[in-house]
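Residue strings, one per chain:
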Amino acid sequence: TDGLSPLKVANPMSSDREYLRTSLFGNILSTLAYNQRYQRDELHLFEIGRVFSPQFETLPVEKEVVVGVLSGPRIRGWRDRDQRFNDFFDAKGILEALFTRMEITAQFQPHEIPYLHPGKSARITLNNLALGVIGEVHPRILDRFGLAPYPVIIFELDLVGLIKAKGQIELQYQPAPRVPGAVRDVALLVRSNIPANQVQDIIQAHNMIQRAILFDVYSGEGLPENTRSLAYRLYIQAADRTLSSLEIDLIQQ
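Model, not experiment: these values are computed from the prediction.

Before going further, it helps to examine the pairing of strand β3 (residues 107-110). Note that β3 and strand β4 (residues 116-126) share four bridges and pair antiparallel. Among the inter-strand pairings, Q107 is bridged to a residue of β4, identified as T125. Connecting the antiparallel pair β3 and β4 is a turn made up of five residues.

This paragraph deals with the sheet that holds strand β9 (residues 227-236). With respect to topology, three strands assemble into an open sheet ordered β7-β9-β8, the strand pairing being antiparallel. Edge strands, defined here as strands with exactly one partner in the open sheet, are β7 (182-191) and β8 (209-218). Put simply, the sheet's adjacent strands are angled 25° from each other on average, direction ignored. Where β8 and β9 come together, eight bridges link them in antiparallel fashion. Bridge pairing in β9 places L214 opposite Y232.

With the rule as written, the count across this model stands at four aromatic pairs. Both rings, one in F85 and one in Y150, keep their centres 4.9 Å apart while their planes meet at 15°; by these two values the pair is stacked. Taken together, the residues F85 in the loop between β2 (58-71) and α2 (88-101) and Y150 in the loop between α3 (139-145) and β6 (152-158) connect sequence positions 65 residues apart. The cationic tip of K92 hangs over the ring face of F108; the distance from NZ or CZ to the ring centre is 4.9 Å. Above the plane of the ring of Y235 lies R211, whose end atom (NZ or CZ) is 4.2 Å from the centre.

What counts as what
- Residues numbered from 1 in each chain as written.
- Predicted model: local features only at pLDDT ≥ 70, side-chain atom pairs only at ≥ 80, totals over all residues.
- Heavy atoms only, no water.
- Pairing = 2+ DSSP bridges.
- Helix = DSSP H or I, 4+ residues; strand = E, 2+ residues; numbered from the N terminus.
- Axes fitted to C-alpha atoms, helices over the stretch in contact; angles between N-to-C directions.
- Phe/Tyr/Trp six-rings, centres within 6.5 Å; stacked < 30°, edge-to-face > 60°.
- Lys NZ or Arg CZ within 6 Å of the ring centre and 35° of its normal.

The structure is reproduced here in structure tokens:
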């Protein structure tokens, strides 16, 4: 809200509905808490609704947004303590799949948001146009809503802005490749404060690398302090010929 107070309703239906909502985060976290009480461990929820962004000395701006949340283990009903839980990259992957189907190339930029976990949140933009936010809910917010003490990942998108962005995309076509490519996996040790998408952009700047996909992030035991390992799958291909193993090795290096 940029420090501006939400608009107070003159005749609220209840004491906890006195203000026009500025986000759907509260709604969906309440729904998540309700479902968790019924032992639904793995939960993926979404909601579409209207929010009201406060403005200085004018009425709030009304807009429609979509909010989603992921919580619990990746495998339904799995209770092993070593089971991996849904995390930031699971939610990011869902949005990237959505953007791919809409033929949109959005950027995820690290951004500190008060109710999200520091270092695990990002702003979503397209050509400097703000589309929304994504991140892991801060532990104090989990406690306030009575949520289970494992990661909860949430995102919110400006639905109208998203649809407009699709309409502004100019499609470009190119022939499908006629020669086979190669796939290589590479793990890079980088400083913890370097964004993964910045590394990906550098990799994809190579004219023989068609795309790079981040598939694993590791930090902790065995690595130097303040570093992390980023693992990428590289799709390597030339437009006019099949690359030799030596050429692929040199590209990877």
